[in-house]
Structures are given as C-alpha cells and as structure tokens.
Amino acid sequence: MEFDLVVIGAGSGGVAASRRAAAHGARVAIVEAGRVGGTCVLRGCVPKKLLMYAAEFDDTFAQARGYGWTIAGVPDFDMAVWQAAKSAETARLEGIYRRLLEGSGVTLFEGAARLDGPQRVRVGDETLAAPHIVLATGSSPIRDTVPGLEDCATSNELLDLDALPPHAAVIGSGYIAVEFASALARLGVQVLMYYRAELPLRGFDPMLRAAAAAELQAAGVELHPGVLPRRVRPLLDGFALELGDEHVLETDWVLNATGRRPNSTGLGLETVGLAPREDGAVAVDAALRTGAAGVYAIGDLTQMKNLTPVAIAQGRALADMLFGSAPREVDLSLVASAVFMQPPIASIGPAEDELVAAGRKARVFETEFRPMKQAFLGAVAPAGQRTRMKLLVDAASDRVLAAHMIGADAPEIVQSLAVALSAGATKAHFDRTLAVHPTAAEEFVLMREPVRMLP
Ligand code: NDP
C-alpha cells in the first residue's frame, strides 16, 4: 500500500493534516485506533462545552425570576437526558468527520498503527508505505499522580456519566479541574477541590487566578489549596481521600484532573531510532520534524501547547510545507485560550507576573465591574459573576502585549482582540477605537489611566 503521506491519529490535528495534504494532491492514508474525531470532538472541548451550557441554566433560572419570569417548581437537571443528547451529537460529528475524510480522498484505516522502520506503518496485517509519516496520536489523562487515583474517573468518564454523584472531590486545579468543578457545582453536585498550588490555573494572570478561586467559591465549591490526598482508597460506594494527620474525607466520586500525557507508547518509535522524552512527548523542531527522517509530530503528542487550534494549525502548516508551494511555520508566540468556567476566562499574551519576572517595563490597565445584566437583579443576582479585564502595554513601544478577562462572553471577546494583538495593535489604537455601547467589551477601549507601572 503506497501513499505520499500516512497520518497516525484521526483527531483534530491528524484530520486537518490529511485533508490539507490531499487538497494539495497527495495520496494520503490516515489510521485511527478508536472513533474518528479525537479528544476534542468526542471527549473534550465539544462535550465539555455542551455540559457547560447545561450548567449555565442554573444561573439563567435564577436571573429569569429577577427579570419578571415565573418559573413553577424547582428546576431539576437529569444527566441521562443530557447524556443521550450528547452521545447523539458526538456521533453526528463523528459522521461528519468520516464524510470529510472520504470527500477529501483520504483513505481511512481502522486499527492500531505502529511504526515499522523507516517509511513503513503497520496496521494489523497491513503495511502502509510512505516517504512522510505524521504522528498525531494526542494525549490521555495521567492516572498515577497520587496512589489510588488510577481507580478514579477522569474527564473521559465524567462526560459518559448517566447520573451525577451528590458529592465529589476534584483533584487538580488546571483547565479541566476548574471547568468541571464549576459545571458540576451548578448541576447540583457538592464539590470539593484539592490542589497543590495556592491558587488555581497556574500560568494564568494572577488577577484571573484569584477571580477563578472567588467565582468557584461563589458557586459553592469548597477550595482546599495546598492540600493533596496522600492516597485515594476505593470504598464499597465511593472513595476515601487520605489527607494526612489521620484526616480522611469520604466522597461518592473523585475526578482526577492532574494533567495529560502524550500517547507515545506502543507507537514503534524505536523502529525509527526515536525515544520519547521523559514526559512522554515526541520532540520536534520548528518545522515539526522529529529526529527521524520523514517522521513528523503535531498536537498534544509534542506537548508544546496542548490546544486543538494549535494541532490544527500545525497539521495544515505541515501539509503545506510537504506538499504546497508556500512553506510556513506556526507562530506560537501569541496563542489565546479560554477556560470555560462560569463566568468564563479568556487570555492572550503573557501574565503580569511573567512580565515582572522578565523585568519588562509595562503599563497595567485594569477594570472591574458588576455587569449590567447582574446589576439589574440587585439582591436576587447569583453570587459572584463580576467582570474583570486587564491590558498589559509595553512601556517603550505602546504595543498591547496581553489582554486578560473573566466575565460573560470573555472567550468571544478575546478571540476578536487576538486579531488586534496579532496585528501589533498599540494602546493608542485601542484608545481611538469607538465603543459599541452598551457592551462589556467596550471597557477594553475605555481604560484611560494605568493602575500601575512595571517594574
Ligand atoms: P493542566 O496542565 O491544565 O493542569 C494540571 C493540574 O494537575 C494542575 O493543577 C497541576 O498542579 C496538577 N498536577 C500536575 N501534576 C501533579 C502532581 N504530580 N501532583 C499534584 N498535582 C499535579 O491539565 P488538565 O488536565 O487540566 O488539562 C490538560 C491540558 O488540556 C491543558 O493543559 C490544556 O492544554 C488542555 N485543555 C484545554 C482546555 C481549554 O482550552 N479550555 C480545556 C481542557 C484541557 P499545579 O498547578 O500545581 O502544577
């Protein structure tokens, strides 16, 4: 079986690489061991956001009353109904992905793929040969961070539940821990979070980290910063968290949200002279080349920036480099991302403490307010839900280095700001931009005086 390109892994990155290569006229095979669509579509971003939409109704019901609606009875959430609809939706999306591959002329092989020496990939009894091979196998939840955690649920299992537990402990405080703690609390689960840092969301701007903690608490999540269980023990109907000093917490259910590890085992890397790094990642250079000729890696497998749009951009850039006429590299210096808690967080550019550590001279603009929709509700407003925004501006060039926001629609707003920042917008550009009124986004063009200077 001769191809120009074999892609291993039909997730967001692999599908993007294979379709772009086929569009350039290459003969392309893609191999997938599970369902087509990958983590983002089947057990990540998409179902997670659908669960977040379900959770948002908790606030909506409370707000609706303040706006004059009568809602009879106490609204109740049925996870089984959501689960059936989610499964139907992910099946629909998987069908779309399969049809897209077929329509692009990409040949799909279903089974576990293994490198079998240079330019060869084994799938079951078949051998696929190609001068170029792209590894796009993604990542999976780490299960061994704390002894006993291997028996607990990860985001994969959470998103497949038919019923929610009354009481749950979340271990970790990254994207997944925060998003699901926020959603579960709104869906009626009593949530406790245990994590080793002082504040959740390491790497985000300190304003956002503090606000995330405050909003989780406002949603009823009990935070335990600096506390990690030493061991988790299964009980007949739940788990015991050994927290030290003979303190044991019994809970119905535990979410292990302590990070993800690249899927590099069993890939046959050694057959082409490659070995994964200690963290499981396959190392690549700026052109996404591994140390083996003709073998490339993209997405979570490279552990560069584990975000779907990064994997997609890398897949497309690689296909353009291999088969197109205009080679290019993906610029990861300014990547926006969002945390879909309630209210959501979105961010582009460095955090303020990163600028401080780098000794960078910058002006800091900040604003905080109660959004109009909440203010109207007065005393019956759901707790928390304040909006906070920050711009970090380079003192010498006036260039806007970063925009950070927590508040309604933050991901939508920051996505648009990302265009301005990528284009090199200065604070003067922000200042002469007229506002769209009344919006929250307008505050980004109305911040006049810096609240402080760095350093
Ligand atoms: P993160 O890397 O975001 O967070 C991992 C969490 O686990 C942190 O709280 C970390 O603590 C903790 N942790 C790691 N190792 C240990 C340890 N040995 N002992 C105790 N705690 C530990 O991973 P997630 O699993 O939340 O998400 C994986 C990746 O998926 C993210 O990095 C992101 O790239 C992507 N993702 C993106 C989303 C989005 O864009 N909205 C949503 C979900 C996932 P500490 O902070 O102390 O290091």
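The preceding data block contains the structure.
Only a predicted model underlies this, so the values are computations on that prediction, with no experimental measurement involved. (Residues numbered from 1 in each chain as written. Predicted model: local features only at pLDDT ≥ 70, side-chain atom pairs only at ≥ 80, totals over all residues. Heavy atoms only, no water.)

## Concerning the pairing of strand S22 (residues 400-406)
- Within S22, seven of the seven residues are buried, which leaves the element mostly enclosed by the surrounding structure.
- Two elements, strand S19 (residues 345-348) and S22, share four bridges in a ladder whose sense is antiparallel. Among the inter-strand pairings, Ala346 is bridged to a residue of S22, identified as Met405.
- Both strand S21 (residues 387-394) and S22 contribute to a ladder of six bridges, which runs antiparallel. Note that in S22 the partner of Lys390 across the bridge is His404.
- A loop of five residues connects S21 with S22, the two strands running antiparallel in sequence, and Asp398 in this loop sits at a positive phi of about 70°. (Buried < 20%, exposed > 50% of the residue type's maximum accessible area, 1.4 Å probe, protein only. Helix = DSSP H or I, 4+ residues; strand = E, 2+ residues; numbered from the N terminus. Pairing = 2+ DSSP bridges.)

## Describing the site of the ligand
- The environment of the ligand is made up of 19 residues, and the closest members are Ser173, Arg196, Arg202, Asn306 and Ala338.
- Within the side chain of Arg202, a nitrogen or oxygen atom sits 2.5 Å from an oxygen atom of the ligand.
- Tallying contributions element by element places helix H6 (residues 175-186) first for the shell around the ligand, with three residues.
- The residue inventory of the shell around the ligand, partitioned by class, reads seven nonpolar, seven polar and five charged. (Near = heavy atom within 4 Å. Polar contact = N/O pair within 3.5 Å; in protein donor to acceptor, adjacent residues only side chain to side chain. Nonpolar A, V, L, I, M, F, W, Y, C, P; charged D, E, K, R; others polar.)

## Concerning the nonpolar core
- One finds Leu51, Val191, Met193, Leu216, Val221, Trp253 and Ile345 to be the most contacted residues of the largest nonpolar core, which totals 40 residues.
- For this core, the secondary structure elements donating two or more residues are helix H3 (45-66), helix H4 (79-103), strand S9 (167-171), H6, strand S10 (190-195), helix H7 (206-218) and strand S15 (253-256).
- Excluding its chain neighbours within four sequence positions, the residues that come into contact with Trp253 are Ala153, Leu158, Leu161, Pro165, His167, Ala168, Ala169, Leu184 and Phe239. (Core = buried A, V, L, I, M, F, W, Y, C linked by side-chain atoms within 4.5 Å. Contact = heavy atoms within 4.5 Å.)

## Considerations on the side chain of Ser347
- On the secondary structure map, Ser347 appears in strand S19.
- For Ser347, a relative accessible area of 7% puts it in the buried group.
- In terms of polar contacts, Ser347 uses its side chain to reach the side chain of His404, at 2.5 Å.

## Focus on the packing of aromatic side chains
- In total, this model carries four aromatic pairs according to the counting rule given.
- Where Phe3 meets Phe109, the ring centres are 6.0 Å apart and the plane angle is 90°; that geometry is what we call edge-to-face. On the criterion of sequence distance, the pair formed by Phe3 in the segment before strand S1 (5-8) and Phe109 in strand S3 (residues 107-110) is long-range, its members being 106 residues apart. Of the two residues, Phe3 and Phe109, both sit in the buried class.
- Summarising the aromatic geometry, the rings of Tyr67 and Phe376 are spaced 4.3 Å apart at their centres and angled 25° between planes, so their arrangement reads as stacked. Separated by 309 residues along the polypeptide, Tyr67 in the loop between H3 and H4 and Phe376 in the loop between helix H10 (372-375) and S21 bring together distant segments of the chain.
- The positively charged end of Lys427 is found above the aromatic ring belonging to Phe365, 4.4 Å away from the centroid. (Phe/Tyr/Trp six-rings, centres within 6.5 Å; stacked < 30°, edge-to-face > 60°. Lys NZ or Arg CZ within 6 Å of the ring centre and 35° of its normal.)

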